[in-house]
Amino acid sequence: MDLVWELLIILLKIVVVVLLFAFPIGSLMTLLGDRKQSSLIQNRIGPNRARLPGINHPLVGIPHFLADGLKMIFKEDIIPRQANRFWHTLAPAISLFPAIALWAVIPFSDHYCTGTATMVDYRDVCVDGAFYNLFSISNLEAGLLYVFAISAVSVYGAAIAGWASNSKFSLLGGLRSSAQMISYEVTMGLSLAGILIIYGTLNLNEMVVVQGQLLWDWLPMWGIVVQPLAFFLFLAAMMAETKRAPFDVPEGESEIVAGYFTEFSSMKFAVIQLSEYVATVFVGSLVSTVFLGGWQVPWLYGDGFYFGNTDEPSIPLPYWLVIVLRVGSFSIKTLFILWLQFMLRWTLPRFRYDQIMTLGWKILLPLSLANLVITAFVVLVLL
Amino acid sequence: MPTLTINGKEITVDPGTTVLRAAAMLGIDIPHFCYHPALSVPANCRMCLVEIEKARKLEPSCYAKVGEGMVVHTESPKVIAARRAVLEFILVNHPVDCPICDQAGECKLQDYYVAYDSQPSRVAVPKVGKAKAYPIGPRVVFDGERCILCTRCVRFCDEITGTSELTVAERGDHSEIRTFPGKELDNPYSMNVTDICPVGALTTRDFRFKCRVWLMSSTDSICTGCAKGCNVHLEHFQGEAQRYRPRFNPEVNEYWMCDAGRMSYLELHADRLPSLRVLEDSELSWPRAARKVAALLGEKATGEGVAFVASAQSSCEGLMAGREFVRTMLDDAPVFWTGRPDGDGDAFLIRADKNPNRAGLAGIFGVEVLAQDAHRLLQELERGAIRVLYMMDSTLPFTSDEMKRFRAAVEKLELFVLQAPRRGGLDDLADVLLPSTTHAEQDGSFVNEDGLLQSFWAAYRPRTQALADWEVFVRLARGADRELSFSDFESLHGALHAEQGAAQDAGE
Amino acid sequence: MSTHNVTVVERPRRNLWVQSYLPEVAKGLAITSRQFFKNLLTGSDIQTVQYPEVKRDYPLRYRGLHRLTYRDDGQVRCVACMCCSTICPANCIHITAAEHEDTSIEKYPAEFVIDELRCIVCGLCVEACPCDAIRMDSGIHAHPFYERDKAFLNKDYLLDLGGPSTAVQGGVLGSRSAR
Ligand code: SF4
Ligand code: SF4
Ligand code: SF4
Ligand code: SF4
Ligand code: FES
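Residues numbered from 1 in each chain as written. Chains lettered and ligands numbered in written order. Predicted model: local features only at pLDDT ≥ 70, side-chain atom pairs only at ≥ 80, totals over all residues. Heavy atoms only, no water.

Caption draft 1: Structural detail: the pairing of strand E3 (residues 107-115) of chain C. Residue and element names in this part refer to chain C. Burial runs high along E3: 7 of the 9 residues are buried. With 7 bridges joining them, strand E2 (residues 93-99) and E3 adopt antiparallel strand pairing. Within E3, the position partnered with alanine 97 by the bridge is proline 109. In this sheet, strand E5 (residues 152-153) lies alongside E3 in antiparallel orientation, the contact comprising 2 bridges. Each bridged residue has a counterpart across the sheet, and for isoleucine 114 the counterpart in E5 is leucine 153. (Buried < 20%, exposed > 50% of the residue type's maximum accessible area, 1.4 Å probe, protein only. Helix = DSSP H or I, 4+ residues; strand = E, 2+ residues; numbered from the N terminus. Pairing = 2+ DSSP bridges.)

So, in structure tokens, the structure goes:
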């Protein structure tokens, strides 16, 4: 019975995370981030013509996005002659899978305390009860390794899509994206190594918990505070991983059309696009988990805000409100990183391909190595 | 042999040469209106004034004869000023109708104005009005206001045609070209005045408002109106002939051509055969049609009762190819000839023989063929001696009565192949229709009555499936898997030249 | 090289600060974010015109649909000189000239068709016309056509858009002498 209950809860979590969080945000971003945000930056209005039946209001362009979805579904699905039908059809699924699977380890809030939550040593402790994992799909001990592993898989989607299309543009796009993703994976891993040394755990929730500690009793020990360089390195590497501008060379209208998904149409095209956006949202959530304190709200612990090294909360809060604040905090941080990525997209000119490689191998990699060595040294000396 | 210097260049010319001609030999163009090389020199327009050192005033170069040691300046400031003054004077009463003037674009007054005058009018009094759009003859329209009174037209009628219809009436700025009372400008060469008129005062009724001259392209061609073979500019726009203009050839027509010939361009687009047809099948490409026709000929055109009709309207190249075609494909069938019937001729250009290439036909098929004319053909047909007829043209010299008989006879034929540019009222009877090009759509040559071989060039592409005669023959032979001795125009033309040259040598 | 007017522009020197990239990115972000928030909150910099509902006034020399001007007596002013159809780079003016019964006019366009689908709105026809007969100052935006035939604007249509010409027939001097 317990097992069934457990499974049901996991299923529910999956549904909530994937269908209510990742997908809607991911696809909304296609509209709001790519269209509305860009239009505002560029002194335009952006989509505002489509209407929902009966509502004579542009609704910030959301009807456009619904119409687009509808259109995508009804578009003809074209598989090029000579293309490998099997892989061509499978490729979108392969690129969508990791984008979804990654969400399994993201904690949206701390474990639920069945008893009374309070704070000891800047950590939640559960009195008269136990912690119960309600806010991440899976509380994996090797959470970060899982992230690395799965995001490494996402390279297959692009590579297979490019290869199976029987188009030179697609093949070139696929090659570009695999080379780029593999290159930046190195930096991605190494830039986090420093933080691992400091946090001493791979469990993402545990990492967030550690970030709740205060330096000198007032500064939350977020990743960005203790590892500022790693933050930038990791953000850059992740953006390259997800092929966001300015690292969007796997597609390029002027050279290789839409890159590896040139030959995709209809819903397959939409799925590839969607997986990119979902991955973009994931970058936001991962960066905020590792570097921005995840669900942490500064100075907020199980039973309220603690300002200074006190035993009683300065502002006591009911536990449910704490959870709401934490989930909200996580979401806002995620959205902020997302917003930042789109901002960067419309701010920076895209790199040339050789520049991307130079940046990845000759700049980011040495920097992350240096960061790792220095961190290790400092930790060794201080502790 | 006086030697003179023009603009610093020395030249020695025959005594009696005019300065204008001497300058022309040096490649120096002196503007002129009234002077025309084929007409007498009245020196009335004063456009050609040049500065001759030691002369008291500027001299009209069209009239001034060269002298030993003369030093002439044609572009000195004085001369330029004089030209400007002359132009301004001419333009005092000129209506500047250019937007509606058919001459615009080839008007000497326009050209010289742009080159030398280019100033707004200083005349603020009303211009003298004269006759506008006046039908001075059945084919020529006169505009008195545009006339600059150079009298070229008057001299043409006096000296070239000798008909003297025109004169200058009134005086001063009321002077006007008129016909003598009771006369109109109606001679067989009347339209030439529109060519020599340097402005738009005389224009042809036919070309009126038809096309702007700057839009047209010009191709050197030969008039097919009669056996004289006057050289013409064939001027065309968007694949359609717009007019003929005589092309200077001192051996044939000098600067002129007759009105009937000039109007013969109208036939280029009239009554054309629209497309290929073999029996009932009219949706054919040439290779398929060629195979079908070759099969038909192979089946029927053997043995007795086959006849080939060559045309005096076709080019020499077409006829030569036809001769070989008769040998290889028609078993050396007897050859007849057809063409337009004879008409009136005169002592100047117009010839009684209205076919452009009868001489070429006789040269290629032998003079004997001329006896085998269309009337003989009709007799043979009516005698029932012919089963299969291959005609190279639909032009027939028949009266309507004879035409009826011809049609009746043709209806009884086993196979009637008509290869022609025009329907000629025979297309409904033919079993096979092979559209061919007019001379405006192909390269080729005619031999004129005087035995002169003259070439013409394709001006535009045919709008139909038509091919040049020689190409039709080549294709038909290929359809029967046979080769004629040539397969392109160059080799054919070369062969023709060799043959004609040999014939001319033998004749001399 | 002294004959050539060449200005040598120094490559901008890039110090470590610039080359570290981050400050420059931050600067760029500041600009785009400023614009983003400004437009999000006030919309003050947005240039978009809500076209069908809001229309901009066309400038005085806006080239709209062609029109044919008419003479004082209402006849078409064009004399079918073909200057416009000659200069037209899109080859979209088709004129058939004909003889007018009125001998003072002589030549007039029996047909005058402009193929609006081909017209590239260059205005050369207006420049070329010696008679001020064709103008593009109707102020009418060339609208889309649902049928191809409708895009061939004929003489009557163009004349309906037209007005009398302001130019004086016979030119300025001609008018002076006429008075
Ligand atoms: S004659 Fe020449 S200048 Fe006079 S109206 Fe005609 S084109 Fe113009
Ligand atoms: S009508 Fe022409 S050719 Fe005759 S006088 Fe006048 S300008 Fe000369
Ligand atoms: S505006 Fe330009 S393209 Fe249009 S009709 Fe006039 S000349 Fe032709
Ligand atoms: S340029 Fe003017 S006068 Fe000439 S055809 Fe065109 S509209 Fe008519
Ligand atoms: S050409 Fe010499 S005066 Fe006319």
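Caption draft 2: Up close: the interface of chain C and chain A. Between chain C and chain A, the residue contacts involve 19 residues of the former and 17 residues of the latter. Carbon and sulfur atoms make up 68% of the area that chain C and chain A hide from each other, which totals about 1600 Å². Sorting the residues of chain C by area buried against chain A places C:Leu29, C:Thr32 and C:Phe36 first, and these three jointly supply 31% of that buried surface. For the pair chain C and chain A, the interface holds 1 salt bridge. C:Glu53 is paired through a salt bridge with A:Arg49; the nearest N and O atoms lie 3.0 Å apart. Applying the counting criterion to the chain C and chain A interface returns 9 residue pairs in polar contact (both at pLDDT 80 or more). (Contact = heavy atoms within 4.5 Å. Buried area = accessible area lost by both parts, 1.4 Å probe. Salt bridge = Lys/Arg side-chain N within 4 Å of Asp/Glu carboxyl O. Polar contact = N/O pair within 3.5 Å; in protein donor to acceptor, adjacent residues only side chain to side chain.)

Caption draft 3: Region of the structure containing the packing of helix H10 (residues 266-291) of chain A against helix H11 (residues 319-347) of chain A. Residues and elements named next belong to chain A. For the pair H10 and H11, interaxial distance at closest approach is 8 Å and the crossing angle is 120°. The orientation of H10 relative to H11 falls into the category oblique. The two elements H10 and H11 meet at a crossing, and its hand is right-handed. Contact with H10, carried on its side by Tyr277, Thr280, Val281, Val283, Gly284, Ser285, Val287, Ser288 and Thr289, involves Phe330, Lys333, Thr334, Ile337, Leu338, Gln341, Phe342 and Arg345 of H11 and no other residues of that element. Taken together, the residues of the contact of H10 with H11 sort by class into 8 nonpolar, 7 polar and 2 charged. (Axes fitted to C-alpha atoms, helices over the stretch in contact; angles between N-to-C directions. Parallel < 35°, antiparallel > 145°, perpendicular 65-115°, else oblique. Left-handed = near helix turned anticlockwise from the far one by under 90°. Nonpolar A, V, L, I, M, F, W, Y, C, P; charged D, E, K, R; others polar.)

Caption draft 4: Geometry of the site of ligand 3. Close contacts around ligand 3 come from 13 residues, with C:Cys88, C:Cys119, C:Cys122, C:Gly123 and C:Cys125 the closest. Its residues assigned to classes, the shell around ligand 3 shows 11 nonpolar, 2 polar and no charged. (Near = heavy atom within 4 Å.)

Caption draft 5: Representation of the interface of chain C and chain B in the model. On the side of chain B, 17 residues touch chain C, which itself brings 16 residues to the contact. With both sides pooled, the region where chain C packs onto chain B buries about 1300 Å², and carbon together with sulfur makes up 62% of that total. Where chain C meets chain B, there are 4 salt bridges. Between the two partners, chain C and chain B, sit 4 residue pairs in polar contact (both at pLDDT 80 or more). Mapped onto the side of chain C that touches chain B, the elements with two or more residues apiece are E2 and helix H6 (171-178) of chain C. Class assignment for the residues of the side of chain C that touches chain B results in 10 nonpolar, 2 polar and 4 charged.

Caption draft 6: Summary view of the sheet that holds strand E8 (residues 304-305) of chain A. If you walk across this open sheet you meet the 3 strands as E7-E8-E9 (chain A), and the pairing is antiparallel. Each edge of the open sheet is held by one strand with a lone partner, namely strand E7 (300-301) and strand E9 (315-316) of chain A.

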